[in-house]
Structure formats: C-alpha cells, structure tokens
Amino acid sequence: MTIVAAFRAEVIKLCTLPAVPGTLLTVWVASLGLSAVPAADVVEYAQAGFVVLGVLAVTSEYSGGQVRTSLVGVPRRIELLTAKALALTATSVPAAGVVAAVVRSVPAIWYLTLVALLAAGVAALVRRTLPALTVLLGCLFIAVPLIRDHAPPTGRISAPLLAGTLGVLAAAVISFHRRDA
Amino acid sequence: MRVVHAELRKLLGLPPAWGALALGLVVAPVIAYLNRHVSSVDAGYQEFAFGMIGVIVLGVVAVSSEYRAESAEDAGTRQIVTSLTAVPSRVQLLAAKAGALTLTVTVLAAVTAAVTLTVADAEITAARVLGAIIYWVLTALLATGITLLTRSGVVPLVVLILNTTVVSVTYLISKVLSAAGYFPDLAGSRMFIRGGHVDLGIAPATGGLIMCGWTAVVVTAGAVAFCRRDA
C-alpha cells in the first residue's frame, strides 16, 4: 500500500468515528457562542476540541484492538503513523479554519492543528483516552496559564510549544516502532 | 455497608484513581506556593478551587471504569455486568458508589485544604474550610452524575476541567448574563471565596444550597438513566 492509499484510509477512519463530527460541531457552535462574549479568548477554549480530536484519532485504534488490523494493512509502522499524522492535519486544518474565521486570525489555524498533533503524540505514548485527556487538559488549561502568569509574555505559538510537540511526536514514533502493538 | 466497602476497594484499586489522588494532593499546594506573594482575601482558598482536576478525574473514573476497562487487551470487558450481578439493586449500587466517592474525596479535600492553606499562610476559619471541602465533594458527585449520563469520561472531563481554569467558561458567561452566577461552580464557590470577580451577593449558605441543588438534579438524572437503561 502506498502512503497515499494509507493516507486516504486514515482520513476515512478518522472522519467516520462518530465522535469526530460531534466534537467538531460542538467546537464550532461553542466558538460562535463564545465570540459573542466580550474579551473571551475563543481559541483558548476551542483547543479543548482539538485535544479531543487528536486523542481520539489515536486511542480509537486501541479500544478494540483495531491497531492490529491497521498494521496488517500497513505493516510499516512509521508509514502508518505518518499517514495518521497527515490525515489528522488534513482534518484539523479546515476544522481550525472555521474557528479562525470566527476569531478572524489566521495563526489560530496553525496553533490548533499543532495542539491536535501534540494530543495525538501524547495519546500514542499513553494509548488510553482518559489519562491522555487528563494530562493534556491539565497542561493546557492549568499549567500553561499558570506559567504564563509567571513568565515573560510570548505569542501563542511559542518555542516551548513547538519543541514540546516535536519531542512528543518523536517519542511517539520511537515507542510505536518499538513496542508491541 | 459491605457494598460501600466493596466500592471503596474498587475505586482505590484503580490506577487512575491513585493518579487522581496524587493530582488532587499536589496541584492546589503548588499553585498556592507559586502565588504565595499575591495577597488577597482569598489567598489559599482560590488556589484550592483551581486544584480540582484530581477530584474531577476521581468522580469520572468511579463510573467510567465500570463501562470500559481501558487497556489494550480487555476491550469489551464491562465490569458493570459483574457489579450488578453482585449487587442487583441499582439504587443500592449507586448509593454505595456515591458513598465511597464522598468518603474518599472528603479525606483528600481535608488533607489538601490543610496543606494548601498552610502553604498560602491563609486565615483559617472553620466555615470556609468546610465550604471548600463540600465544594470538592459536590464537584466529584457532579462529575459522577454527568458520567452516568454519558457513560464515557470524555465529555465530563473536558467540560469540567475546562471550567477549572483561571478564566472559566461560566465566569465569561456571567459577564454577559448575570444569572450565570447561579451556575453550580460559581454559586458553590461562594461557600469559601469572599472576594472574587463574580459577586451576585449570594450568601455562603445559599451558594452551597444552589450547588447542592444542581448536584442533586444531575445525579438524579444520571441515576434515572442508570436504572432504566440496559447496563
């Protein structure tokens, strides 16, 4: 199977998870609603939806042993992960585009997609939905705001976020390559 | 009593529950330590309110673990079937679950409150500490109630953790709609928060009652769903 076919398969797998359209619809409606509130940081809350998206993209493979079927279809593990990451990006960019249109800020697209990829990386390491969600939401909604209060201000897409995402993704690739599925 | 004991052992036998206890114990004191130079009437108490993540996780896993033991190999293992075989009365099972959760969270909250308030060097009044503990217990029960309705932990985790941030969603809504002060988290926090940004003039006891009311409604809805649906 070529990477293109693997990518198509991953897009179909991701978009046919019932939770995915549900999550995206909720994010869009909530973003529209929150944008009516003065001084509300819509992207800050919308990122929760992209965390869920990224986590589900990975943990759905593990809740019923689907990962073994996937690996029969695409035996090269790095190829499978790459296809998954590309499919997640391809889903996340248009989804984030809607949020970006609501807040009228293009960088929001890159930020939210980065969050989805980070979430997928953490989920690939943890392999379980609830622990992955707890870690991610705890970091993004409790630790990060706290650090922001005590550190010099930066943009939303900061060097630590980029480095963290890349690090997590690299760790996810290595662990997926080496661990039993 | 035996059922409560069984539920307590089930809850404390879950690895995620131990993670949640650790989170609950650590988050609030750490925030209090970082904010120790910020002086306010709510020093210590405000940080205690931010440290709820562990309690939320406890409330969620108490129920969601019955429906899906999250491990790669035992997909489809539904402990709820075994639990209901042992305790066929659903109301009794739920009551025992709520009892075990309340017991666990009360102990956790008492210890965490003591540590957090000491770190923050806060003024300790019995009424406020009690209010803070009740707030954590009710939040855990609220999480349990929502999880009973959804059966999966994703929705309650996202909704409740999102709302423990410094600028919570309910707080934002309350700026547009003052009635939002009657949301369970905002009303309940009046039990121990004296200053704060949302003040509808709700008295501590009233706030506690409002939050109790919300919790009762959500838990009852969850219980009705649990009793009527197939397990």
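Described in the following lines is the structure provided in the data block.

The rules behind these values
Residues numbered from 1 in each chain as written. Chains lettered and ligands numbered in written order. Predicted model: local features only at pLDDT ≥ 70, side-chain atom pairs only at ≥ 80, totals over all residues. Heavy atoms only, no water. Helix = DSSP H or I, 4+ residues; strand = E, 2+ residues; numbered from the N terminus. Rg over C-alpha atoms; globule rule 2.2 N^0.38 Å. Contact = heavy atoms within 4.5 Å. Areas by Shrake-Rupley, 256 points an atom, 1.4 Å probe, with all protein chains shown as cover. Buried < 20%, exposed > 50% of the residue type's maximum accessible area, 1.4 Å probe, protein only. Lys, Arg positive; Asp, Glu negative; His and termini not counted. Charge placed at Lys NZ, Arg CZ, Asp CG, Glu CD. Phe/Tyr/Trp six-rings, centres within 6.5 Å; stacked < 30°, edge-to-face > 60°. Patch = residues over 30% accessible without salt bridge, like charges linked within 9 Å, V, L, I, M, F, W, Y side chains within 5 Å. Salt bridge = Lys/Arg side-chain N within 4 Å of Asp/Glu carboxyl O. Polar contact = N/O pair within 3.5 Å; in protein donor to acceptor, adjacent residues only side chain to side chain. Axes fitted to C-alpha atoms, helices over the stretch in contact; angles between N-to-C directions. Parallel < 35°, antiparallel > 145°, perpendicular 65-115°, else oblique. Left-handed = near helix turned anticlockwise from the far one by under 90°. Nonpolar A, V, L, I, M, F, W, Y, C, P; charged D, E, K, R; others polar. Core = buried A, V, L, I, M, F, W, Y, C linked by side-chain atoms within 4.5 Å.

### A word on the overall build of chain A
- In terms of regular secondary structure, chain A is built from eight helices and zero strands.
- In summary, chain A has a C-alpha radius of gyration of 16 Å against a globular reference of 16 Å for 181 residues, a match within 12%.
- Reported as C-alpha extents along the three principal axes, the dimensions of chain A are approximately 50 × 30 × 25 Å.
- Within chain A, residue pairs in contact and separated by at least 24 positions form 81% of the contacts whose partners lie at least 6 positions apart.
- Accessible surface, chain A: about 8,400 Å² in total, of which carbon and sulfur atoms supply 71%.

### Let's talk about the overall build of chain B
- A tally of regular secondary structure across chain B gives eleven helices and zero strands.
- Put simply, chain B runs from its N terminus to its C terminus through helices and strands in the order α-α-α-α-α-α-α-α-α-α-α.
- Relative to a compact globule of 231 residues, whose C-alpha radius of gyration would be 17 Å, chain B shows 18 Å and is just as compact.
- Considered along the principal axes of its C-alpha atoms, chain B spans approximately 55 × 35 × 35 Å.
- Counting every position in chain B, which comprises 231 residues, the buried fraction comes to 52%.
- Of the contacts formed within chain B by residues at least 6 apart in sequence, a portion of 74% connects residues at least 24 apart.
- Accessible surface, chain B as shown: approximately 10,300 Å² in total, 69% of it carbon and sulfur.
- Here chain B contributes 15 positive and 12 negative side-chain charges, whose respective centroids are spaced 7 Å apart.

### What about the packing of aromatic side chains?
Residue and element names in this part refer to chain B.
- In total, this model carries four aromatic pairs over all chains according to the counting rule given.
- Ring centres of F48 and W136 lie 4.3 Å apart, and the angle between their planes is 15°; on these two criteria the pair is classed as stacked. Of the two residues, F48 is situated in helix α3 (residues 45–50) and W136 in helix α7 (residues 126–150); the sequence distance between them amounts to 88 residues.
- Accessibility expressed as a relative area gives 1% for F48, which makes it buried.

### Describing a nonpolar patch on the surface
Residues and elements named next belong to chain B.
- On the surface, a nonpolar cluster with roughly 710 Å² of combined accessible area is contributed by L25, V26, V30, Y33, L34, V107, V111, V115 and V119.
- Elements supplying a minimum of two residues to the nonpolar patch: α2 (15–34) and α6 (90–119).
- A total of five residues in the nonpolar patch trace back to one element, the largest contributor, which is α2.
- As for its placement among the helices and strands, L25 is situated in helix α2.

### A look at the environment of R90(B)
Residues and elements named next belong to chain B.
- Secondary-structure assignment places R90 in helix α6.
- The spacing of R90 and A221 is 131 residues in sequence and 14 Å in space, taken between C-alpha atoms.
- In this view, R90 contacts L84, F226, C227, R229, D230 and A231; residues no more than four positions away in its chain are not counted.
- Among the polar contacts listed, one links the side chain of R90 to the backbone oxygen of F226, at a separation of 2.9 Å.

### Here we look at the interface of chain B and chain A
- Listed by partner, the interface residues are 31 residues for chain B and 24 residues for chain A.
- At the boundary of chain B with chain A, the tally comes to zero salt bridges.
- On the surface where chain B and chain A come into contact, there are zero residue pairs in polar contact (both at pLDDT 80 or more).
- At the level of elements, α2, α4 (53–67), α8 (154–162) and α9 (169–176) of chain B are the ones that each hand at least two residues to the side of chain B that touches chain A.

### Description of the packing of helix α3 (residues 42–59) of chain A against helix α7 (residues 129–150) of chain A
Residue and element names in this part refer to chain A.
- One can describe the packing of α3 onto α7 by two numbers: an axis separation of 10 Å at closest approach and a directional angle of 150°. Between α3 and α7, the crossing angle belongs to the class labelled roughly antiparallel. Remark: the crossing between α3 and α7 carries right-handed chirality. Counted together, E44, Y45, Q47, A48, V51, V52, V55 and T59 of α3 and T129, A132, L133, L136, L137, L140, F141, P145 and R148 of α7 form the full contact between these two elements.
- Residues that form the contact of α3 with α7 fall into these classes: twelve nonpolar, three polar and two charged.

### Quick word on the packing of α7(B) against α8(B)
Residues and elements named next belong to chain B.
- Remark: α7 packs on α8, axes separated minimally by 8 Å, with the N-to-C direction vectors making an angle of 145°. Handedness of the α7/α8 crossing: right-handed. Note on element contacts: α8 touches α7 through V155, P156 and L160, opposite A143, I146, T147 and T150.
- Classifying every residue of the contact of α7 with α8 gives five nonpolar, two polar and no charged.

### As for the nonpolar core
- One finds F50(A), V51(A), L133(A), L58(B) and W136(B) to be the most contacted residues of the largest nonpolar core, which totals 109 residues.
- With 14 residues, the single largest contributor to this core is helix α6 (residues 107–126) of chain A.
- Those residues within four positions of L133(A) in sequence are excluded, and the remaining contacts are V51(A), V52(A), V55(A), G138(A), V154(B), L157(B) and V158(B).
- Grouped together as the second largest cluster of nonpolar side chains are 13 residues, V3(B), Y67(B), L93(B) and A223(B) included.

Taken by themselves, the reported measurements are silent on function.
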